[in-house]
Amino acid sequence: MDVDAEAIMTGRGCIMGQSGSGKSFLAGVLLEELCRLKLPFCVIDTEGEYSALKDIAPVIVVAEEGGDIGFGVDFDELFLRSIDNDIPVVIDVSDTEDKKGAVYRSLQALYSVESRMRRPYLVVIEEADKFAPQVVRKDHNIIEELSVRGRKGGVGLLVATQRPANISKNVLSQCSYGFVGKLTIENDLNAIRILFGRKQALENITRLGTGEFVSFGLGIENSFRIKERVTKHAGATPEIGGEVKRGRIESVLKDLRGIGNTGSNRSGRKSAVKSQSVRALHMGFGLDDAKGYAQKIAKKRFLLFGNATERIDSVELKYMPIGQCSFRIPTRHKNEYLEYYALFDLKYRLVRIDNGIRTLDVETAGKGRTVNYMPWLRKEPLDTEEVKLVKEDMIEGALSERKAFSLIRRRFPEAMPSGFLQALMPIYIITLKNGNRIREFVLDGLFGRQVNFK
Ligand SMILES: Nc1ncnc2c1ncn2[C@@H]1O[C@H](COP(=O)(O)OP(=O)(O)O)[C@@H](O)[C@H]1O
Ligand SMILES: [Mg+2]
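Remember, predicted model here, so these are calculated numbers, not experimental data. (Residues numbered from 1 in each chain as written. Chains lettered and ligands numbered in written order. Predicted model: local features only at pLDDT ≥ 70, side-chain atom pairs only at ≥ 80, totals over all residues. Heavy atoms only, no water.)

Caption draft 1: View of the pairing of strand β5 (residues 121-125). When you tally the buried positions in β5, you get 5 out of 5 residues, the bulk of the element. Burial along β5 is two-sided: the residues Tyr121, Val123 and Ile125 and Leu122 and Val124 are all buried. Alignment of strand β2 (residues 41-45) against β5, held across 4 bridges, turns out to be parallel. Looking at the pairing, Val43 lines up with Val124 of β5. Two elements, β5 and strand β6 (residues 155-161), share 5 bridges in a ladder whose sense is parallel. (Buried < 20%, exposed > 50% of the residue type's maximum accessible area, 1.4 Å probe, protein only. Helix = DSSP H or I, 4+ residues; strand = E, 2+ residues; numbered from the N terminus. Pairing = 2+ DSSP bridges.)

Caption draft 2: Summary view of a negative patch on the surface. Negative charge collects at one region of the surface, where Glu64, Glu65, Asp95, Glu97 and Asp98 lie side by side. With respect to the helices and strands, Asp98 occurs in the loop between β4 (89-92) and α4 (99-117). (Patch = residues over 30% accessible without salt bridge, like charges linked within 9 Å, V, L, I, M, F, W, Y side chains within 5 Å. Areas by Shrake-Rupley, 256 points an atom, 1.4 Å probe, with all protein chains shown as cover. Salt bridge = Lys/Arg side-chain N within 4 Å of Asp/Glu carboxyl O. Lys, Arg positive; Asp, Glu negative; His and termini not counted. Charge placed at Lys NZ, Arg CZ, Asp CG, Glu CD.)

Caption draft 3: Structural detail: the sheet that holds β2. One open sheet holds the 9 strands; their spatial order is β3-β4-β2-β5-β6-β1-β7-β8-β9, and the pairing between them is mixed. Looking at which strands have only one partner, the edges of the open sheet turn out to be β3 (60-63) and β9 (224-225). Pairing of β3 with β4 involves 4 bridges; the strand directions are parallel. Each residue of the ladder has a partner; that of Val61, found in β4, is Val90. The strands touched by helix α6 (residues 142-149) within the sheet are β1 (12-16), β5 and β6, with β6 carrying the most contacts at an inclination of about 130°. (Contact = heavy atoms within 4.5 Å. Axes fitted to C-alpha atoms, helices over the stretch in contact; angles between N-to-C directions.)

Caption draft 4: Structural context of the nonpolar core. Core analysis: the largest hydrophobic core is formed by 58 residues, its most contacted members being Phe79, Ile91, Leu107, Ile125 and Ile205. Element by element, the count of residues in this core is highest for α4, at 8 residues. Apart from the residues within four sequence positions on either side, Ile125 is in contact with Ile44, Leu107, Phe131, Ile143, Leu157, Leu158, Val159 and Ala160. Grouped together as the second largest cluster of nonpolar side chains are 32 residues, Cys35, Val43, Phe213 and Phe224 included. (Core = buried A, V, L, I, M, F, W, Y, C linked by side-chain atoms within 4.5 Å.)

Caption draft 5: Spotlight on the side chain of Glu114. You can see Glu114 is positioned in helix α4. With no salt bridge to any partner, buried Glu114 finds its closest opposite charge in Arg119, at an N-O distance of 6.7 Å. Not counting residues up to four positions away in its chain, the partners in contact with Glu114 are Ile83, Arg119, Tyr121, Gly153, Gly154 and Val155.

Caption draft 6: Highlighting the pattern of salt bridges. This structure, assessed with the given rule, holds 18 salt bridges. Across the pair Arg279 and Glu386 runs a salt bridge whose closest N-O atoms are separated by 3.4 Å. Note that Arg279 is positioned in strand β10 (residues 275-281) and Glu386 in strand β15 (residues 384-390), a separation of 107 residues in sequence. Looking at Arg279, the relative accessible area reads 32%, which means it is partly exposed. Taking relative accessible area as the criterion, Glu386 reaches 51% and is therefore assigned exposed. The partner of Asp313 in a salt bridge is Arg311, and the shortest N-O contact between them spans 3.7 Å. According to the relative accessible area criterion, Arg311 is partly exposed, its value standing at 48%. Each of Asp74, Asp76 and Lys388 takes part in a single network of salt bridges with overlapping partners.

Caption draft 7: Main features of unusual backbone geometry. Backbone geometry places Lys38, a non-glycine residue, at a positive phi of 60°. Position of Lys38 relative to the elements: it lies in the loop between α2 (23-36) and β2. Take Lys38: its relative accessible area is 60%, and that puts it in the exposed class. Even without being glycine, Arg118 reaches a positive phi, approximately 50°. Mapped onto the elements, Arg118 comes out in the loop between α4 and β5.

Caption draft 8: Spotlight on α6. Taking burial as the measure, the 8 residues of α6 include 6 buried ones, the bulk of the element. Of the positions making up α6, those classed as buried are Ile142, Ile143, Glu144, Glu145, Leu146 and Ser147. Buried residues along α6 sit in contact with β1, α4, β5, α5 (128-131), β6 and α7 (169-172). Where α6 begins, the side chain of Asn141 points an oxygen toward the backbone nitrogen of Ile143, at a separation of 2.7 Å. (Polar contact = N/O pair within 3.5 Å; in protein donor to acceptor, adjacent residues only side chain to side chain.)

Bear in mind that shape data such as this cannot, by itself, settle questions of function.
Rendered as structure tokens:
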């Protein structure tokens with residue numbers, strides 16, 4: 001059987017089958033494959049059976065006992081690092097009392113980090129019917145949220161359940177692919193009927209053996225048997241990866257243990273706390289989009305110059321400080337003012353954001369009489385959100401409120417300052433290489449247009 005990793009990483013899928021049908025075994029095979037490909041994921045482990053993945057890859061296990069770290073971990077930080085370093089995470093709730101609480105808390109953090117990072121990341125949930133039950137209510141639970149909206153953020157979802165009749169229809173209906181093992185309960189068979197086009201496939205389901213599955217949405221017609229696992233079950237010899245490199249993971253763990261797991265380490269302040277909460281502009285153009293863009297411009301070059309082969313050297317996401325001055329200008333009516341916002345980059349050039357980003361030299365921005373016609377003046381403040389970033393992601397620098405206002409005053413002597421905000425703007429730095437020749441492009445992370453910040 002051949003399954004496209006990309007389809008799994010970004011799709012919505014399910015593994016269904018009664019207890020003992022081989023669901024966890026199948027999930028294990030898929031996750032081993034992802035480890036081999038160095039694709040990051042998080043698995044909600046209800047039986048404590050996935051820490052065996054450690055045999056073949058650096059994996060962080062969060063568990064009540066015996067894991068790398070406990071549930072006191074700062075989940076934001078954990079997922080930030082997991083995504084950034086491509087390190088898989090096992091959330092082992094087998095010994096946890098409040099399983100739902102632990103699962104929701106971790107997935108909520110993952111969702112918020114991923115909404116920002118937007119990198120392909122797979123979430124696997126065992127016993128998903130327990131965490132996303134079919135009940136009638138208005139609000140979405142986090143798993144439904146992930147299944148409906150997570151795709152935009154790059155989150156793939158794979159849920160396992162022995163009772164397809166009990167899992168939220170909102171989750172089940174999103175599944176574009178799935179594996180079905182032995183099922184015998186009438187309600188469960190009914191629940192999955194809508195997912196199958198062919199009727200015969202369903203009839204076999206009651207007769208499948210352990211480790212046998214039929215699938216949908218993957219272009220595989222017949223039932224098949226899952227191959228042997230490398231880790232744990234079957235006791236086979238590890239063949240993937242050889243020696244597992246733990247160096248990177250140890251330093252990540254050291255950080256995480258310092259951040260909030262116990263609280264006792266905080267006083268020193270020198271080690272751990274690497275990431276900080278900052279305000280950033282809402283990212284509208286993801287890293288994968290930027291990579292796609294890079295591919296396009298590299299290709300264009302290739303076509304123009306025939307034999308030249310340009311390749312992508314790097315696509316880096318950075319955050320650039322930007323200052324927002326708000327100020328009021330009196331109108332003709334007494335006691336009435338209009339409020340405006342102006343944006344500055346680190347060189348105090350005006351920045352215009354509408355359907356792209358442009359910088360204008362302050363001195364040449366024009367001395368209009370009527371405020372209304374200044375294209376760089378905004379009537380609305382920037383749309384920002386709180387994000388957690390590590391220092392390396394940020395371009396250093398700070399804007400002085402005073403200096404920015406004095407520039408505004410030059411054009412509008414009657415302006416009165418009413419606020420200042422320094423926020424971070426996501427940008428992508430794309431480097432293309434062709435032998436010794438290097439080309440660099442900057443895209444904004446809002447609209448994905450080229451900008452010329454120098
Ligand atoms: N493809 C397979 N090859 C060999 N043994 C398997 C296979 N699938 C499942 N098993 C074995 O069957 C038992 C039940 O499988 P498991 O994956 O735990 O089922 P489930 O998660 O559906 O309850 C386990 O002991 C497992 O090792
Ligand atoms: Mg299982």
